[in-house]
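Structure assessment
Residues per chain are reported as follows:
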Amino acid sequence: MELITAPARTEFAFALPIGLPDPDGTTIHRDGVMRLATAVDEIEPLKDPRVRANAGYLLIILLARVITRLGTIEHINTRMIENLYAADLAYLQDFYQRVNQTGDSRLQVTCPHCDGEFDVEVTSLGE
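Residues numbered from 1 in each chain as written. Predicted model: local features only at pLDDT ≥ 70, side-chain atom pairs only at ≥ 80, totals over all residues. Heavy atoms only, no water.

**Description of the overall build of the chain**
Assigned secondary structure in the chain consists of 5 helices and 5 strands. Ordered by position in the sequence, the α and β elements of the chain form the string β-β-α-α-α-β-α-α-β-β. In the chain, 53% of the contacts between residues at least 6 apart in sequence involve partners at least 24 apart. Working note: accessible area of the chain is about 8,200 Å², and carbon and sulfur atoms make up 55% of it. (Helix = DSSP H or I, 4+ residues; strand = E, 2+ residues; numbered from the N terminus. Contact = heavy atoms within 4.5 Å. Areas by Shrake-Rupley, 256 points an atom, 1.4 Å probe, with all protein chains shown as cover.)

**Here we look at the pattern of salt bridges**
The final tally for this structure, using the stated rule, is 6 salt bridges. Residue Arg79 pairs with Glu82 through a salt bridge whose shortest N-O separation is 3.0 Å. Remark: Glu82 and Arg79 occur in helix α4 (residues 78–82); sequence separation between them is 3 residues, near one turn of the helix. Accessibility expressed as a relative area gives 34% for Glu82, which makes it partly exposed. Several salt bridges share partner residues, and in doing so they unite Arg35, Asp41 and Arg65 into one network. (Salt bridge = Lys/Arg side-chain N within 4 Å of Asp/Glu carboxyl O. Buried < 20%, exposed > 50% of the residue type's maximum accessible area, 1.4 Å probe, protein only.)

**A look at the nonpolar core**
Among the nonpolar cores identified, the biggest contains 26 residues, and Phe14, Met34, Leu63, Ile67, Ile81 and Leu92 are the most heavily contacted of them. Among the secondary structure elements, those contributing two or more residues to this core are β1 (11–21), α3 (57–66), β3 (67–70), α4 and α5 (86–102). With 8 residues, α3 is the single largest residue contributor to this core. When sequence neighbours within four positions are dropped, the list of residues in contact with Ile67 reads Phe14, Val33, Met34, Ile76, Ile81 and Leu92. (Core = buried A, V, L, I, M, F, W, Y, C linked by side-chain atoms within 4.5 Å.)

**Brief notes about the packing of aromatic side chains**
Summed over all chains, the structure comprises 3 aromatic pairs. Ring centres of Tyr91 and Phe95 lie 5.8 Å apart, and the angle between their planes is 25°; this geometry places the pair in the stacked category. One end of the pair, Tyr91, and the other, Phe95, are both in helix α5, 4 residues apart, so they sit about a helical turn from each other. For Phe95, a relative accessible area of 0% corresponds to the buried category. An aromatic cluster is built from Phe14, Tyr91 and Phe95, whose rings are joined through pairwise contacts. (Phe/Tyr/Trp six-rings, centres within 6.5 Å; stacked < 30°, edge-to-face > 60°.)

**Thoughts on the side chain of Asp41**
On the secondary structure map, Asp41 appears in helix α1 (residues 39–43). A distance of 2.6 Å separates a polar atom in the side chain of Asp41 from a polar atom in the side chain of Arg35. Among the polar contacts made by the side chain of Asp41, one reaches the main-chain amide nitrogen of Thr38 at a distance of 2.8 Å. (Polar contact = N/O pair within 3.5 Å; in protein donor to acceptor, adjacent residues only side chain to side chain.)

**Some details on α3**
Helical periodicity: at 3.6 residues per turn, an α-helix aligns residues three or four positions apart in one direction. The element α3 is extensively covered by neighbouring structure, given that 8 of its 10 residues are classed as buried. Turning to α3, its buried residues are Tyr57, Leu59, Ile60, Ile61, Leu62, Leu63, Ala64 and Val66. Summarising the contacts, the buried residues of α3 are in contact with β2 (28–35), α1, α2 (49–53), β3, α4 and α5.

**Brief notes about the confidence of the model for the chain**
Detailed reading of the predicted coordinates is not advisable wherever pLDDT is low. This prediction gives the chain a mean pLDDT of 86; 79% of its residues lie at or above 70. Per-residue pLDDT stays below 50 along residues 123–127; that stretch engages in 12 contacts with residues further than four places along the chain or on separate chains. (pLDDT = per-residue confidence, 0-100.)

Structure below.
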C-alpha cells in the first residue's frame, strides 16, 4: 500500500500590526509572507559579527532571511527589519516561533463564555 501525503506548507501569510512605511511615507507595508526556516537560516547568522557583538541581532538577520515579501517589497534586508516598529518586531518574533515550532500559524484559544476550545488563524495583533 502506497502512502500519499499532502505537501508540507512552507509559507505563511501575516499582517503586521503597524507596518513598515516607505521612505517617503506614502505607502505602509503590512501584509507579508514568511517561509519556514532551514537549519542554515539559524546557523549562518551565528557567524555574523553583528550577532557576536549583540546576540539580539540574531532575530534581525533571521527575519531578513525568512520573510519573502512585505507589501510590494520582495527583497527584504536587515535595514528594513531594523526599521520596523517594536510592536511589529515582537509580532514577527512570535509568528516565527509559532510557524517554525508547529508548522502552523493558528493558535488554540478557549472561549471565555463556554470554555470551548478552537483554533483561530492569527494574521496580526488585535484581530
